[in-house]
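Architecture and fold: a report
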Amino acid sequence: MAAMKPRTGDGPLEVVKEGRGIVLRMPLEGGGRLVVEMKPDEVLALGEAIDSCEGLQKK
């Protein structure tokens with residue numbers, strides 16, 4: 001029988017390097033977190049897409 005791991009709940013937005021990839025853990029409205037593993041070049045492309053989004057105020 002597989003071990004049951006307790007859910008850790010929400011938690012902060014996290015971006016960490018794990019092995020060769022970058023793992024994004026994003027809290028979701030209503031509970032839980034979205035977990036996405038990406039390659040470094042995909043992370044850069046995502047950052048550029050976010051930076052070019054209209055309506056964002058840059059600090």
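The structure contained in this document is the topic of the report that follows. Remember, predicted model here, so these are calculated numbers, not experimental data. (Residues numbered from 1 in each chain as written. Predicted model: local features only at pLDDT ≥ 70, side-chain atom pairs only at ≥ 80, totals over all residues. Heavy atoms only, no water.)

1. Brief notes about the environment of E18
What counts, and what does not: Here a strand is any run of E in DSSP of at least two residues, a helix any run of H or I of at least four, and the numbering for each starts at the N terminus. Whether a residue is buried, partly exposed or exposed follows from its accessible area with a 1.4 Å probe, protein chains only, as a fraction of its type maximum: under 20%, in between, or over 50%, in that order. Only heavy atoms enter the contact rule, under which two residues are in contact if any of them lie within 4.5 Å. Polar contacts, as counted here, are pairs of nitrogen or oxygen atoms within 3.5 Å of one another; within protein the pair requires one atom able to donate a hydrogen and one able to accept it, and residues that are adjacent in sequence qualify only if both atoms are side-chain atoms.
By secondary structure assignment, the location of E18 is in strand β1 (residues 14-18). Given the relative accessible area of 36%, E18 is considered partly exposed. Taking the C-alpha atoms as reference, E18 lies 8.8 Å from E37; in sequence the two are 19 residues apart. Once residues lying within four places of it in the same chain are set aside, the contact partners of E18 are V23, R25 and E37. A distance of 2.9 Å separates a polar atom in the side chain of E18 from a polar atom in the side chain of R25.

2. Brief notes about the pattern of salt bridges
Quick reminder of the rule: The salt bridge definition used is simple: a Lys or Arg side-chain nitrogen within 4 Å of an Asp or Glu carboxyl oxygen.
Counted under the stated rule, the structure contains 2 salt bridges. Close ionic contact of E14 with R33 constitutes a salt bridge, the shortest N to O distance being 2.9 Å. A residue pair is termed long-range when its members are at least 10 positions apart, and E14 in strand β1 and R33 in strand β3 (residues 33-38) qualify at 19 residues. Given the relative accessible area of 26%, E14 is considered partly exposed.

3. A closer look at the side chain of R25
On the secondary structure map, R25 appears in strand β2 (residues 21-27). Owing to a relative accessible area of 18%, R25 belongs among the buried residues under this scheme.

4. Concerning the pairing of β2
Let me state the cut-off plainly: Strands are treated as partners if at least two bridges between them are detected by DSSP.
The element β2 is extensively covered by neighbouring structure, given that 5 of its 7 residues are classed as buried. Bridge analysis of β1 against β2 gives 5 bridges, and the strand direction is antiparallel. Considered in β2, the bridge of V16 is made with V23. The antiparallel hairpin formed by β1 and β2 contains 2 residues in its connecting segment, where G19 sits at a positive phi of about 65 degrees. Inspection of the sheet shows β2 paired to β3 by 6 bridges, in the antiparallel sense. Within the sheet, the bridge partner assigned to M26 lies in β3 and is L34.

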